[in-house]
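Understanding the architecture of this molecule
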Amino acid sequence: YVKLTPNDGIGNGTTNDTIYFTLTDAIPTVTGQTSNASAQGNKKVGDSIAFYLTSHADTDTDDNHSLRLCKTNSINTSGACPGGEYCNAYGTTFSNATDLSCTYVAQQSDNTSNSAYFFICDCPPYDLTCPGQCSSAYTTTFYVNHMPNVTNVDIKPDNPNSIQDLNCTYTFNDYDSDGDNSTFKWYNWSGSAWTLTVFTTQIITANYTENNQTWMCEVTPIDAYGYTGTAVNSTNETINNAPPYQPSNFSVQDSNTTYDITEPYDTHDLTPFINWTDGDPDGNIVTTLVCVASTYANLIAGICDVNSTNTTATNLTLGGLSYNNTNVTYYLRLTPYDGQYNGTYFDVNLTLLNSFPNQPNNLSPTLTHNPTPTLTASCSANPTSG
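First, a word on scope: everything that follows refers to the structure included in this document.

So, how was this worked out
Residues numbered from 1 in each chain as written. Predicted model: local features only at pLDDT ≥ 70, side-chain atom pairs only at ≥ 80, totals over all residues. Heavy atoms only, no water. Core = buried A, V, L, I, M, F, W, Y, C linked by side-chain atoms within 4.5 Å. Buried < 20%, exposed > 50% of the residue type's maximum accessible area, 1.4 Å probe, protein only. Helix = DSSP H or I, 4+ residues; strand = E, 2+ residues; numbered from the N terminus. Contact = heavy atoms within 4.5 Å. Pairing = 2+ DSSP bridges. Salt bridge = Lys/Arg side-chain N within 4 Å of Asp/Glu carboxyl O.

Core analysis: the biggest nonpolar cluster contains 21 residues, and Ile49, Phe51, Leu53, Leu67, Leu69 and Phe142 have the highest contact counts within it. Sorting the residues of this core by element identifies strand S4 (48-57), strand S5 (64-70), strand S6 (85-89), strand S7 (100-105) and strand S8 (113-123) as the ones contributing at least two each. In this structure, Leu69 is in contact with Phe51, Cys81, Glu85, Tyr86, Cys87, Cys102, Ala116, Tyr117 and Phe118, ignoring residues within four places of it in sequence. Tyr265, Ile274, Leu318 and Val348 belong to the second-largest nonpolar core, a separate cluster that totals 19 residues.

As a further point, take the sheet that holds strand S19 (residues 259-260). Either a parallel or an antiparallel arrangement is found when strands of a sheet pair, and the pairing is made through backbone hydrogen bonds. Strand order across the open sheet formed by four strands is S19-S18-S21-S24, with antiparallel pairing between neighbours. With one partner strand each, in any of the chains shown, S19 and strand S24 (315-317) form the two edges of the open sheet. Here three bridges tie strand S18 (residues 248-253) to strand S21 (residues 273-277), and the two strands are oriented antiparallel to one another. The residue bridging Ser251 from the neighbouring strand is Asn275, located in S21.

All right, on to the sheet that holds strand S10 (residues 149-156) then. In spatial order, the strands read S10-S11-S14; together these three strands make up an open sheet with antiparallel pairing. Looking along the sheet, the strands with just one partner apiece sit at the ends: S10 and strand S14 (203-204). Here two bridges tie strand S11 (residues 166-173) to S14, and the two strands are oriented antiparallel to one another. For Leu166, the partnering residue across the bridge sits in S14 and is Ile204.

Under the criterion given, the structure shown has four salt bridges. Between Asp347 and Arg333 there is a salt bridge whose closest N-O contact spans 2.7 Å. With Asp347 in strand S26 (residues 346-352) and Arg333 in strand S25 (residues 328-337), this pair connects stretches of sequence that are 14 residues apart. What makes Asp347 partly exposed here is its relative accessible area of 27%. Taking relative accessible area as the criterion, Arg333 reaches 13% and is therefore assigned buried. One connected set of salt bridges, linked through shared partners, spans Asp154, Lys156 and Asp158.

It is generally the case that most residues other than glycine have a negative phi and that most peptide bonds are trans. A cis amide bond, omega 0°, links Cys130 with the succeeding residue Pro131. Looking at the element boundaries, Pro131 is found in the loop between S8 and strand S9 (138-143). With an omega of -5°, the peptide bond between Ser364 and Pro365 qualifies as cis. Relative to the assigned elements, Pro365 resides in the loop between strand S27 (361-364) and strand S28 (376-378). The backbone of Asn159 sits at a positive phi, close to 50°, despite the residue not being glycine.

A word on the pairing of S26. Taken across its seven residues, S26 has five buried, putting it largely inside the fold. Bridge count between strand S20 (residues 265-267) and S26: three bridges; the pairing is parallel. Among the inter-strand pairings, Thr267 is bridged to a residue of S26, identified as Leu352. The pairing of S25 with S26 spans seven bridges and is classified as antiparallel. Counterpart to Val328 in the pairing with S26 is Leu352.

The structure is reproduced here in structure tokens:
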């Protein structure tokens, strides 16, 4: 409000105290903004994220402006962000630039998804108390990708043998819950150093490993967006000796030229010849314990009351069998041993066939005058006795 009193050098005229003028400062507005981290995976911790105020408006065309990018939807009268600031354009200096921008370096403490609040503050001409007015917030979202990591890297199974696959197990950790694209390396101990092998899969199958080899795996964590973490090595595992294979392809001689190769196994021979196949994954010599028992209870108790023989051959002539006027069943267990471990045993029943022959008939002659006759009759074996 202005009071004007005229004076002509002699006296005052009538005072006018009803006139006034208005000092105006319009509130600026944000009309367009963006960032270059608008999608997950675009930026990772340590990357620079640029925030652009692409356009703004102010009816006071002669004002200068500055940009504030706040962490919360709050700005005070001094143009500061009470909840913290990501970045600003020109700080306490104001510019008449049309496009304003500032850059923020992504931090580990950032969330996967973050809200940022654009404010633009003005500085009217001749105003020494800038900023004058600050706009309402314009909100944007930016994303930060955090480095994945792996823990609990281990080779399973523990103490593997030469017929077991090696599995490089681990726990994948990702703050952003991104997908797992981790990679694998396998190292073999040469005796003096670790040698990188050609294997890049999580599992090495047993046909590529051998007894006494020592292995280590390395896992490099990589998320779905290609962000690579720090590689982690497992402890090492040494391949152990594997048990011999279970005996197979069992057969028993049934005559001079034939063999019984399927169950039920039987023979008419008191000293039958038996065959089987053995083997060892590590190439060790296999010794087979052939246990023959008169009862199954004796067999499972390890009582070989008929015959007990250790042999490195894969065939054997059985002794100790006997007839008892009829068929007799014996119980056999073949247990392989490689010098360190027993393999899985093979059990089989063997029947020794011996049934009474059929009753003779068809006697001839039935009437004779010869006190020393020559007699004939029909005799036949029971089919089950051979």
